[in-house]
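Geometric and topological summary
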Amino acid sequence: MTLRLDITLLSERYDAGGGEDPRAVEWPPHPARVFAALRAVAGEDELGPLEELERLAPPVIHASRAETRRSRGYVVTNVRDNKGGHQIYPARTSGFRQRTSTLPEDARVQFDWPDGDALPDGTVAALDRLARRVPYLGRSTSSATLAFSRVGEPTPLPGLTTYEPTVGRSPLSIRVPYPGYLDELNALYREDQPAWQAAGPRARRFYREVGAAETSDESSEEISAVDDFDSPYPDLVILRFEELRPSGHLVSIFTEALRRKVMGQTEDPLPPALHGHGTPGLPHVAYLGLPFVGNEHADGQLMALAVAVPGLEHDERLRILRGILGEDPEREISLRVSGFRQEFKLRYASDETRPFTSTIERWTDPARTWATATPLVLDRYPKDGDLAAAVAESFVNAGLPEPREVEVSREPMLYGAVRLKPQELPKRCHGRLYTHARVAFDRPVRGPILAGAGRYFGVGLFAPEYEEEQQ
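On a predicted model such as this, the values are computed, not experimentally measured, just so you know. (Residues numbered from 1 in each chain as written. Predicted model: local features only at pLDDT ≥ 70, side-chain atom pairs only at ≥ 80, totals over all residues. Heavy atoms only, no water.)

**Quick notes on the overall build of the protein chain**
- A count of helices and strands for the protein chain gives ten helices and 22 strands.
- Taken across its 471 residues, the protein chain has 53% of its residues classed as buried.
- Sequence-distant contacts in the protein chain: of pairs separated by 6 or more residues, those separated by 24 or more amount to 79%.
- In the structure as shown, the protein chain presents an accessible area of about 21500 Å², 47% of it carried by carbon and sulfur atoms. (Helix = DSSP H or I, 4+ residues; strand = E, 2+ residues; numbered from the N terminus. Buried < 20%, exposed > 50% of the residue type's maximum accessible area, 1.4 Å probe, protein only. Contact = heavy atoms within 4.5 Å. Areas by Shrake-Rupley, 256 points an atom, 1.4 Å probe, with all protein chains shown as cover.)

See below:
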């Protein structure tokens, strides 16, 4: 028996931003948002069924086509101020926001969990009781009714399109709950923090329309047959350049400026993972420049900056995320860079799928072959002259698998990969030997892939290489 959730949008509209970026459009409704709504109405003695629900595989989604409308205006915010600021809601403030509304052809949406037959009848009944208490999804303007049930034959309603999780890459990225998601939401609530901070790469799954072609750098059978190796960095926060985009050879200047800004915005005492002192052998926060690489038109310009955050305890991770994005992820970030008079404007927009260089998927998709986007600085000088062995050693030192094959080159091996002069390396890497490289592993490895002596400061970044990109 399949576990099914039926959703009806009573106002025949869905007002919800795309998770981390409220300006983006979310359609179909994301299972992680529904899960958060269930948690919002659950008492402390009703969390057991949600713990079971988050352990299920991502559901199949049935939803109709929809059109989007955007509007701008002042809305009530969650920010409180003793002086008030809003005429209707005391001690609340208002802010100017762009809002998105989705108008579906059919107001009904269905989620199907094929492995939901493992849940006891009592759990399904408890989930249904919670669902019937949920007043709306997204913003309060999109009222909804929800109901759980079991169905023998999971046939969707006529006119709905079916979307299913996919192994390959897809333009449709959807947030889903995962084991531990409930704990993340509870901790964020205790800290009076928004739920979007629990929706990092772990919550992202690609979906595709059933019947659409699936794309992947590996066959689905091949990827599923071998376990991926996960990067030491489960969180990758990408900040896109809004206007001016610097040349790739300036990467170390910009990553150093970003490092100063994040450390200056993080409340004291700074987490050890942020400054890197006193944590020998453990990965710490890395600052990256993301160049346009990988196709024949690539020019190596920095499309975005990024912060890679290693696996940490919740409180430490949360403090670092606040230091990167502040309390309001919608705000524009201004970055002052040494040698430039003007400020550079950055924006956090995790749900935007273009340009591809500025997406999490570009740098985290599992692949067996990876090549340098910025040169790798060797951890040691190879006395025997064996650069390939020194590159392989740098991977092991970074907590990554030892590559099966290593190819090195003075010249970039990807279109658009950054060329650096010795003086353009990060200051900590001056005088060290550096090289471009291509590595191959025995199994798919998930990014971001950072290796070498400069991996925390903008060099040693690898990009997954697909067959059509190889020169």
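After that view of the structure, there is still more to cover.
**Observations regarding the packing of helix α4 (residues 181-190) against helix α8 (residues 314-325)**
- Close contact between α4 and α8 brings their axes to 11 Å; oriented N to C, the two are set at 60 degrees. In this structure, α4 crosses over α8, and the sense of that crossing is right-handed. Side by side, α4 and α8 meet where E184, A187 and L188 of the first sit next to H314, R317 and L318 of the second. (Axes fitted to C-alpha atoms, helices over the stretch in contact; angles between N-to-C directions. Left-handed = near helix turned anticlockwise from the far one by under 90°.)

**Re the sheet that holds strand β12 (residues 235-241)**
- In space, the five strands of this open sheet follow the order β13-β14-β12-β16-β15, with antiparallel pairing throughout. Pairing within the sheet leaves two strands with one partner each, and these edge strands are β13 (286-291) and β15 (333-335). Going across the sheet, the axis of each strand differs from the next one's by a mean of 35 degrees, ignoring polarity.
- Relative to strand β14 (residues 302-309), β13 runs antiparallel, the two being bridged by six bridges. Looking at the pairing, Y287 lines up with V307 of β14.
- Together, β12, β13, β14, β15 and β16 (344-347) form the strand contacts of helix α6 (residues 251-265), whose direction differs from that of β13 by roughly 140 degrees.
- Strands β12, β14 and β15 of the sheet are contacted by α8, whose axis makes an angle of about 5 degrees with β12. (Pairing = 2+ DSSP bridges.)

**Quick notes on empty space enclosed by the protein**
- Applying the stated criterion across every chain yields a total of three cavities of 30 Å³ or more.
- In terms of lining residues, the second largest cavity is bounded by L5, P31, V34, F35, L38, L53, F111, W113, F148 and P177.
- Of all the secondary structure elements, the ones that give two or more residues to the lining of the second largest cavity are α1 (31-41) and β7 (108-113).
- By residue number, the principal contributor to the lining of the second largest cavity is α1, which donates four residues. (1 Å grid on protein atoms, 1.4 Å probe; cavity = no way out; pocket = protein on both sides within 12 Å on 5 of 7 lines; lining within 4 Å. Points joined across faces, edges and corners; volume = space filled by probe spheres on them.)

**Focus: the sheet that holds strand β10 (residues 172-175)**
- Strand order in the open sheet formed by seven strands is β8-β1-β7-β4-β9-β11-β10, and the pairing between neighbours is antiparallel. Of all the strands in the sheet, just β8 (144-151) and β10 have a single pairing partner and so form its edges. The mean inter-strand angle of the sheet, taken between neighbouring strand axes irrespective of direction, is 25 degrees.
- Taken together, the six bridges between strand β1 (residues 2-9) and β7 define a ladder with antiparallel strand orientation. Pairing of I7 across the sheet is with V109, part of β7.
- Each of β1, β4 (60-63), β7, β8 and β10 is contacted by α1, which is oriented at about 15 degrees to β10, the strand it contacts most.

**Overview of the pattern of salt bridges**
- A full pass over the atoms with the stated rule returns 24 salt bridges.
- One salt bridge connects R336 with E343, and the closest N-O pair in it is separated by 3.1 Å.
- Relative accessible area serves as the criterion here: at 28%, E343 is assigned to the partly exposed category.
- Across the pair E343 and K345 runs a salt bridge, and its minimum N-O distance is 3.4 Å.
- When its relative accessible area of 24% is taken as the criterion, K345 is described as partly exposed. (Salt bridge = Lys/Arg side-chain N within 4 Å of Asp/Glu carboxyl O.)

**Some points on the packing of aromatic side chains**
- This structure, assessed with the given rule, holds 13 aromatic pairs.
- Between the aromatic rings of F340 and F344, the centroid separation amounts to 5.2 Å while the plane-to-plane angle is 85 degrees, which identifies the pairing as edge-to-face.
- Given the relative accessible area of 30%, F340 is considered partly exposed.
- Residues Y456 and F457 carry aromatic rings whose centres are separated by 6.3 Å and whose planes lie at 85 degrees to one another, so their mutual orientation is edge-to-face.
- Residue classification places Y456 among the buried positions, given a relative accessible area of 10%.
- The ring centre of F457 lies 4.1 Å from the NZ or CZ of R428, which sits over that ring. (Phe/Tyr/Trp six-rings, centres within 6.5 Å; stacked < 30°, edge-to-face > 60°. Lys NZ or Arg CZ within 6 Å of the ring centre and 35° of its normal.)

**Digging into the pairing of β1**
- Of all eight residues in β1, six are buried, a share of seventy percent or more.
- Sheet analysis places β1 next to β8, joined by eight bridges and oriented antiparallel. When the bridges of β8 are listed, T8 appears paired with T145.

**A short note on the packing of α1 against α4**
- For the pair α1 and α4, interaxial distance at closest approach is 11 Å and the crossing angle is 60 degrees. With respect to their mutual orientation, α1 and α4 come out oblique. Note on packing geometry: the crossing formed by α1 with α4 is right-handed. Here α1 contributes A32, F35, A36 and R39 to the contact with α4, which in turn contributes Y181, L182, L185 and N186.
- Per-class residue counts for the contact of α1 with α4 are six nonpolar, one polar and one charged. (Parallel < 35°, antiparallel > 145°, perpendicular 65-115°, else oblique. Nonpolar A, V, L, I, M, F, W, Y, C, P; charged D, E, K, R; others polar.)

**Describing the side chain of R368**
- Checked against the element boundaries, R368 lands in strand β17 (residues 367-372).
- Judged by its relative accessible area of 13%, R368 falls in the buried class.
- Reaching out from R368, the side chain makes a polar contact with the backbone oxygen of D442 at a distance of 3.4 Å. (Polar contact = N/O pair within 3.5 Å; in protein donor to acceptor, adjacent residues only side chain to side chain.)

**Some details on the pairing of strand β9 (residues 161-165)**
- Summarising the sheet, β4 and β9 pair through three bridges and their orientation is antiparallel. Across the sheet, I61 pairs through a bridge with Y163, a residue of β9.
- Of the strand pairs in this sheet, β9 and strand β11 (residues 204-209) are connected by three bridges, and their pairing is antiparallel. Bridge pairing links P165 to Y207 in β11.

Any functional reading would require information that these geometric values do not contain.
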